[in-house]
Amino acid sequence: MNFRQNRQQRGRSDDWTQRYKTDHDNLIDERRTESVRAKGDLSRKRTVIVDRDDAPVVDEKQWTRGVVTIVYGLVCRVNDEQGREWDCTVRRVLRTMLIEQRGSVTVGDRIWFSDQAKHHEGEPVGVIERVEDRTTMLSRRDRRMREHTIVANADQLLVVASIAEPALKPHLIDRYLVAAAKGDLRPVICFNKCDLEPETVLLDAEMTEVATREDAAWAPMAIDDYVEEFRSLGYKCIRTSATAGVGLEELKRELTGHMTVLSGQSGVGKSTLINALQPGLDLQVNEVSGDTDKGRHTTSLARLLPLDFGGWVVDTPGIRQFDLWSVEPGELEACFTEFIQHVQNCRFNDCHHQQEDGCAVVAAVDSGRISERRYYSYLKMLDEMSRKD
Ligand SMILES: Nc1nc2c(ncn2[C@@H]2O[C@H](COP(=O)(O)OP(=O)(O)O)[C@@H](O)[C@H]2O)c(=O)[nH]1
Ligand SMILES: [Mg+2]
Ligand SMILES: [Zn+2]
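My aim in this report is to walk through the structure given alongside it, one point at a time. Just so it is clear, the structure is predicted and the values come from calculations on it, not from any experiment. (Residues numbered from 1 in each chain as written. Chains lettered and ligands numbered in written order. Predicted model: local features only at pLDDT ≥ 70, side-chain atom pairs only at ≥ 80, totals over all residues. Heavy atoms only, no water.)

Across its full length, the protein holds 13 helices and 13 strands. Taking all 389 residues of the protein together, 49% fall into the buried category. Pairs at least 24 apart in sequence give 69% of the contacts found in the protein among residues at least 6 apart. With an accessible surface of roughly 19600 Å², the protein has 46% of that area assigned to carbon and sulfur atoms. (Helix = DSSP H or I, 4+ residues; strand = E, 2+ residues; numbered from the N terminus. Buried < 20%, exposed > 50% of the residue type's maximum accessible area, 1.4 Å probe, protein only. Contact = heavy atoms within 4.5 Å. Areas by Shrake-Rupley, 256 points an atom, 1.4 Å probe, with all protein chains shown as cover.)

Running from N to C, helix α7 (residues 248-255) and helix α8 (residues 270-277) point in directions that differ by 85°, and their axes come no closer than 10 Å. Viewed along their axes, α7 and α8 adopt a mutual orientation that is roughly perpendicular. On α8, the residues that touch Leu 248, Leu 251, Lys 252 and Leu 255 of α7 are Leu 273, Ile 274, Ala 276 and Leu 277. Per-class residue counts for the contact of α7 with α8 are 7 nonpolar, no polar and 1 charged. (Axes fitted to C-alpha atoms, helices over the stretch in contact; angles between N-to-C directions. Parallel < 35°, antiparallel > 145°, perpendicular 65-115°, else oblique. Nonpolar A, V, L, I, M, F, W, Y, C, P; charged D, E, K, R; others polar.)

The next point concerns the coordination of the zinc ion (ligand 3). Distances from the zinc ion (ligand 3) to its protein donors, Cys 346 (SG), Cys 351 (SG), His 353 (ND1) and Cys 359 (SG), fall at 2.1 to 2.4 Å. One chain supplies every donor for the zinc ion (ligand 3), spaced along it as C-x4-C-x1-H-x5-C. (Donors = N, O, S within 2.8 Å, 3.2 Å for Na, K, Ca; no water.)

The environment of ligand 1 is made up of 17 residues, and the closest members are Asp 195, Ala 242, Gly 267, Thr 272 and Asn 286. A distance of 3.2 Å separates a nitrogen atom of ligand 1 from a polar atom in the side chain of Asn 192. At 3.0 Å, a backbone N or O of Gly 269 approaches an oxygen atom of ligand 1. Relative to its free-state accessible area of 590 Å², ligand 1 is covered by the protein chains to the extent of 84%. Considering every element that reaches the shell around ligand 1, the biggest residue donor is α8, with 3 residues. (Near = heavy atom within 4 Å. Polar contact = N/O pair within 3.5 Å; in protein donor to acceptor, adjacent residues only side chain to side chain.)

Another aspect to go through is the sheet that holds strand β10 (residues 236-239). Read from one edge to the other, the open sheet built from 6 strands follows the order β10-β9-β8-β11-β13-β12, with strand pairing classed as mixed. The open sheet is flanked by β10 and β12 (303-306), the only strands paired with a single partner. Geometrically, the sheet is characterised by an average inter-axis angle of 25° between neighbouring strands, direction not taken into account. The pairing of strand β11 (residues 259-263) with strand β13 (residues 312-315) spans 3 bridges and is classified as parallel. The residue bridging Met 259 from the neighbouring strand is Trp 312, located in β13. In the packing of helix α6 (residues 223-232) onto the sheet, contacts are made with β9 (186-192) and β10, and the angle to β10 comes to roughly 155°. Lying over the sheet, α8 contacts β8 (156-162), β9, β11 and β13, oriented at roughly 145° with respect to β11. (Pairing = 2+ DSSP bridges.)

If you walk around this closed barrel you meet the 5 strands as β1-β2-β3-β5-β4, and the pairing is mixed. Shown here is a sheet whose adjacent strand axes are inclined to one another by a mean of 50°, direction ignored. In the sheet, strand β2 (residues 75-80) pairs with strand β3 (residues 85-90) via 4 bridges, with the strands oriented antiparallel. Residue Cys 76 lies in a different strand from β3, and its bridge partner there is Cys 88. The strands touched by helix α3 (residues 92-100) within the sheet are β3 and β5 (123-131), with β5 carrying the most contacts at an inclination of about 45°.

Right, let's talk about α8 for a bit. By the criterion of burial, α8 is predominantly enclosed, with 6 of the 8 residues buried. Residues of α8 that are buried: Lys 270, Ser 271, Leu 273, Ile 274, Asn 275 and Leu 277.

Moving on, we come to the pattern of salt bridges. A full pass over the atoms with the stated rule returns 18 salt bridges. One salt bridge connects Arg 175 with Glu 384, and the closest N-O pair in it is separated by 2.9 Å. Of this pair, Arg 175 sits in helix α4 (residues 170-183) while Glu 384 sits in helix α13 (residues 372-388), and the two are 209 residues apart along the sequence. Linked by salt bridges that have partners in common, Asp 174, Glu 229, Glu 338, Arg 373 and Arg 374 make up one network. (Salt bridge = Lys/Arg side-chain N within 4 Å of Asp/Glu carboxyl O.)

What follows covers the nonpolar core. Residues Leu 168, Ile 173, Ile 189, Phe 191 and Phe 230 are the most contacted members of the largest nonpolar core, which totals 32 residues. Going through the elements one at a time, β7 (147-152), β8, α4, β9, α6, β11 and β13 are the ones with two or more residues in this core. Not counting chain neighbours up to four residues away, the residues in contact with Phe 230 comprise Pro 170, Ile 173, Asp 174, Leu 177, Ile 189, Phe 191, Tyr 235, Cys 237, Arg 373 and Arg 374. Core analysis: the next-biggest nonpolar cluster, separate from the first, contains 24 residues, Val 327, Val 362, Val 365 and Leu 379 among them. (Core = buried A, V, L, I, M, F, W, Y, C linked by side-chain atoms within 4.5 Å.)

Since the α-helix turns once every 3.6 residues, residues separated by three or four places project in the same direction. Within α3, the full set of buried residues consists of Leu 94, Met 97 and Leu 98. Within α3, the buried residues cover an arc of 95° as seen down the axis, which keeps them to one side. Among the exposed residues of α3, those oriented more than 90 degrees off its buried face are Ile 99 and Glu 100. For α3, the secondary structure elements touched by its buried residues are β3 and β5. Immediately beyond the C-terminal end of α3, within one or two residues, lies Arg 102, with a positive phi of roughly 55°. (Arc of directions from axis to C-beta.)

Here is the structure:
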């Protein structure tokens, strides 16, 4: 499915948050009164015909295809294939069905909606009738350990790092790579701020804790060597400077035609990069998610941003810090691509590659075929997982 972009610029930032808060209830109520009026079109829609997967059968004459770009409470903003924006609620029967399947409509969902021939503050109003099966899902866990899908159908994860201000954190990159592998997304690593003098990379304190090997000799490398390390593992690496305009064409090529989730710690230049690729978006630079109410509202929403050159980026502060809760210790080794060929040679089937006898991964670290740094990164994540339960 190819969605055309909405080139129109909208002056919407904080104001829609407030608008939805006050208005989405009205919008829902409006719909409710409407659907009890038993005449014509509306009463016909009360009977929902479902296909074998229990999803309502597509009604191409009455429905329009769209993609959900933002979800605020019970209201979804939807872009249709002409790039027009709609305010949609979810058909109640579908909502119930989704709740039973422990899900709800999410940013990135490909949907079908019906035109309610109404307007809400200038936006046409629709009702989501059907959600297509998702190809991928990225989730996070809330404080009560419940899983929330943040974005559906993304196919790439852009891992943005900076070589200075803040200094490169290779372990953090490894974590994003694990999340990408787990979520079935293709990772692209962007080393930004290449106009600056690289800062020394420090082995973080927690990693020192797990570096139990007697001959631990890991020492910081030059930035070029880190880039080379990730590249040799098969990851696409791009050096950029958002401010000096370096590497932007290459980055653009990687994003074209994909739905790419932005990730990377605060301050590395994510917003600046996206603004450089698509000036009209005007993402706020230096936006820090604070504890103020305003901060929470404006930064906790995942948004799908259309790119003029084709594709979407997902700006979602919620997944900037991935935790590894959904990855099981046995799955972790499979997320370290260079371990895979060795794992089968470990003496024990349930080897976690810590200190076990006959561990082929440890042997590969000893012989230099697996980098010590990556191995410690693995141990650190494994250690965290064992603490969690
Ligand atoms: N020198 C330099 N500064 C950059 C570059 N990209 C972004 N910055 C600066 O880094 C700071 C944080 O950028 P921002 O885009 O808000 O980072 P985000 O938190 O990842 O979205 C801002 O002051 C930017 O101007 C770059 O390529 N080089
Ligand atoms: Mg930002
Ligand atoms: Zn092993």
